[in-house]
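# Secondary and tertiary structure notes
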Amino acid sequence: MEKLKVLHVDVGGCEGCNVSIIRAYPKLMDLIELDISYLRKEEYKLDEYDVAIITGGACMNEPRILEELKEIREKAHTVVAFGSCATFSGILRFCRGGQEPRADHRNFQPINSVIKVDYSIPGCPPTPQMLRSFFKFYINGDERRLRLFKVSADIKKLSGFDLIDDILLTGLCIGCGACELSCPTNAIKLIDKRPNLVQEKCIRCGTCYIRCPRASQILSMGDAR
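What counts as what
- Residues numbered from 1 in each chain as written.
- Predicted model: local features only at pLDDT ≥ 70, side-chain atom pairs only at ≥ 80, totals over all residues.
- Heavy atoms only, no water.
- Helix = DSSP H or I, 4+ residues; strand = E, 2+ residues; numbered from the N terminus.
- Rg over C-alpha atoms; globule rule 2.2 N^0.38 Å.
- Buried < 20%, exposed > 50% of the residue type's maximum accessible area, 1.4 Å probe, protein only.
- Contact = heavy atoms within 4.5 Å.
- Areas by Shrake-Rupley, 256 points an atom, 1.4 Å probe, with all protein chains shown as cover.
- Pairing = 2+ DSSP bridges.
- Axes fitted to C-alpha atoms, helices over the stretch in contact; angles between N-to-C directions.
- Core = buried A, V, L, I, M, F, W, Y, C linked by side-chain atoms within 4.5 Å.
- Salt bridge = Lys/Arg side-chain N within 4 Å of Asp/Glu carboxyl O.

### Thoughts on the overall build of the protein chain
A count of helices and strands for the protein chain gives nine helices and nine strands. Expected size for 225 residues packed as a compact globule is a radius of gyration near 17 Å; at 17 Å, the protein chain falls within 12% of this value. Oriented by its inertia axes, the alpha-carbon framework of the protein chain measures out at about 55 × 50 × 30 Å. A buried classification covers 49% of the 225 residues belonging to the protein chain. In the protein chain, of all internal contacts separated by at least 6 residues, the share reaching a separation of at least 24 is 76%. Roughly 11600 Å² of accessible area belongs to the protein chain as shown, and the carbon and sulfur atoms make up 51% of that amount.

Take a look at the structure:
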């Protein structure tokens, strides 16, 4: 089977998602040919790609970034937003003016606010296993297992606040603790097997919501927010 031609482009973030991609790549080398930003000077190696993986949030005050995203959409058959900044903006939603290097870097949005995204893989960062699983499902055409990634691509905001509203307050929580274990900032604490949100710690990455079996089931059924 011919390898998938995969492009990686980072539009700004903490590098955590990029490290996950690099860690995942050794076990994907038989499946994909990766054109990654770290090994590319400026120009893309190819004119067309099967899949483009985008990391980082889109700064709406930076025309160069917006044009690059549109160019990627034209070059790639499938676009994947990888990580919570690319998927939901995550912690970048807290970025505002008055700091170096540019005071006008104050408005970050998820990638799907600029271009159509086919699949989103949330997480801060997503694990290497998630990327490997995605490509396995994608190559096999397993639409059922790709469903959550596909539905997430149409969502622009998701956080621990939504988890409390949609799962805890509606009585759907089963007390499994997946939300607490997955939170990268320890913003969720289980008390009597029920999640409590430490609001000032929540970076709105949506990881807890996606990892919650009840919440992910709701999303996969098509009840996207």
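Now, onward.
### A few points about the sheet that holds strand β3 (residues 49–55)
Pairing in this open sheet of five strands is parallel, and the strands run β2-β1-β3-β5-β7 from one edge to the other. At either margin of the open sheet sits one strand with a lone partner, and together these are β2 (32–35) and β7 (119–121). The mean inter-strand angle of the sheet, taken between neighbouring strand axes irrespective of direction, is 25 degrees. Sheet topology places strand β1 (residues 4–10) next to β3; five bridges connect them, and they run parallel.

### Notes on the nonpolar core
By size, the foremost hydrophobic cluster in this structure holds 23 residues, and its most contacted members are Val6, Ile53, Ile121, Leu131, Phe134, Phe135 and Phe149. For this core, the elements supplying multiple residues, two or more each, are β1, α1 (16–24), β2, β3, β5 (76–82), β7, α4 (128–140) and α5 (143–152). The element contributing the most residues to this core is α4, with six residues. For Phe149, the residues in contact, after removing those within four places along its chain, are Asp118, Tyr119, Ser120, Ile121, Met130, Phe134 and Phe137. Judged by nonpolar contacts, the second largest core, of 21 residues, contains Ile164, Cys202, Cys208 and Tyr209.

### Digging into the pattern of salt bridges
Enumeration according to the criterion identifies six salt bridges in this entry. Note that Arg145 and Asp142 form a salt bridge whose closest N and O atoms lie 3.3 Å from each other. On the basis of relative accessible area, Arg145 is assigned to the partly exposed category, the value being 43%. The exposure class of Asp142 is partly exposed, given its relative accessible area of 24%.

### Some remarks on the pairing of β5
Of all seven residues in β5, six are buried, a share of seventy percent or more. Across six bridges, β3 lies against β5 in parallel orientation. Bridge pairing links Ala52 to Val79 in β5. Relative to β7, β5 runs parallel, the two sharing three bridges. By the bridge assignment for β7, Ala81 is matched with Ser120.

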